[in-house]
Amino acid sequence: LRKLLGLSKVRASVQVIKEILEDEEKLVVFCWHKEVARALEEELSVYVPLLITGETNNFMRHKHVKAFQNNKFHRVLIANIQAAGVGITLTAAKKVVFVEPSWTPSDNDQAFDRIDR
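Residues numbered from 1 in each chain as written. Predicted model: local features only at pLDDT ≥ 70, side-chain atom pairs only at ≥ 80, totals over all residues. Heavy atoms only, no water.

A. Seen up close, the packing of helix 2 (residues 10-23) against helix 3 (residues 34-43). Contact geometry for helix 2 and helix 3: axes closest at 10 Å, N-to-C directions at 50°. Our classification of the angle between helix 2 and helix 3 gives oblique. Judged by the twist between their axes, the crossing of helix 2 over helix 3 is right-handed. Counting all contacts with helix 2, which are made through V10, R11, V14, I17 and K18, the residues of helix 3 involved are V36, A39, L40 and E43. Along the lines of polarity and charge, the residues of the contact of helix 2 with helix 3 split into 6 nonpolar, no polar and 3 charged. (Axes fitted to C-alpha atoms, helices over the stretch in contact; angles between N-to-C directions. Helix = DSSP H or I, 4+ residues; strand = E, 2+ residues; numbered from the N terminus. Parallel < 35°, antiparallel > 145°, perpendicular 65-115°, else oblique. Left-handed = near helix turned anticlockwise from the far one by under 90°. Contact = heavy atoms within 4.5 Å. Nonpolar A, V, L, I, M, F, W, Y, C, P; charged D, E, K, R; others polar.)

B. Focus on the sheet that holds strand 4 (residues 95-98). Across the sheet, which stays open at both edges, the 4 strands sit in the order 2-3-1-4 with parallel pairing between neighbours. Only two strands of the sheet have a single neighbouring strand rather than two, namely strand 2 (50-52) and strand 4. Neighbour to neighbour, the strand axes of the sheet diverge by 20° on average, direction disregarded. Of the strand pairs in this sheet, strand 1 (residues 27-31) and strand 3 (residues 76-80) are connected by 5 bridges, and their pairing is parallel. Pairing of L27 across the sheet is with V76, part of strand 3. Contacting strand 1, strand 3 and strand 4, helix 2 runs over the sheet at an angle of about 160° to strand 1. (Pairing = 2+ DSSP bridges.)

C. How the structure looks around the pattern of salt bridges. Following the criterion strictly, the structure yields 4 salt bridges and no others. The network of salt bridges with shared partners includes K34, R38 and E55. (Salt bridge = Lys/Arg side-chain N within 4 Å of Asp/Glu carboxyl O.)

D. Spatial organisation of the nonpolar core. In this structure, V28, F30, I52, F68, L77 and L90 are the most contacted members of the largest nonpolar core, which totals 19 residues. Those elements that place two or more of their residues in this core are strand 1, strand 2, helix 4 (58-70), strand 3 and helix 5 (81-84). Discounting chain neighbours no more than four positions away, the residues touching L90 are V28, V65, F68, Q69, L77, R114 and I115. Formed by 18 residues, the second largest nonpolar core is a distinct cluster that contains I20, V36, A37 and Y47. (Core = buried A, V, L, I, M, F, W, Y, C linked by side-chain atoms within 4.5 Å. Buried < 20%, exposed > 50% of the residue type's maximum accessible area, 1.4 Å probe, protein only.)

E. Broad picture of the side chain of H74. Position of H74 relative to the elements: it lies in the loop between helix 4 and strand 3. On the accessibility criterion, H74 (13% relative accessible area) is buried. When near neighbours in sequence (up to four residues on either side) are disregarded, H74 contacts K26, V48, L50, A67 and F68.

F. Spatial organisation of the side chain of N80. Assignment of secondary structure puts N80 in strand 3. Within the structure, the side chain of N80 is placed 2.8 Å from the backbone nitrogen of Q82, a separation counted as a polar contact. (Polar contact = N/O pair within 3.5 Å; in protein donor to acceptor, adjacent residues only side chain to side chain.)

Right under this line is the structure:
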């Protein structure tokens, strides 16, 4: 049920994300389920988003983080909270959108802290 709820929020979330991107240079989008992450990636394809989920190997994870931090072409990073909520720096973004927050508040706090170093 939780995954279905997340998927049902994708279209509305995309509208909000597009509005934010009108004013912001870069944005991090966190979600819980990889299906939601993939749906967001598809809906935001015009922004060429980078994606980090539990299926992303360490090499690609590092490559995506580096591209997001250093390349103006990549304005959106979509990430699973567990896969990217700790241990990486995403300070190129000023804002975070939680499409599917964790049920554990400290997970959300840690994810938010990726942009606030």
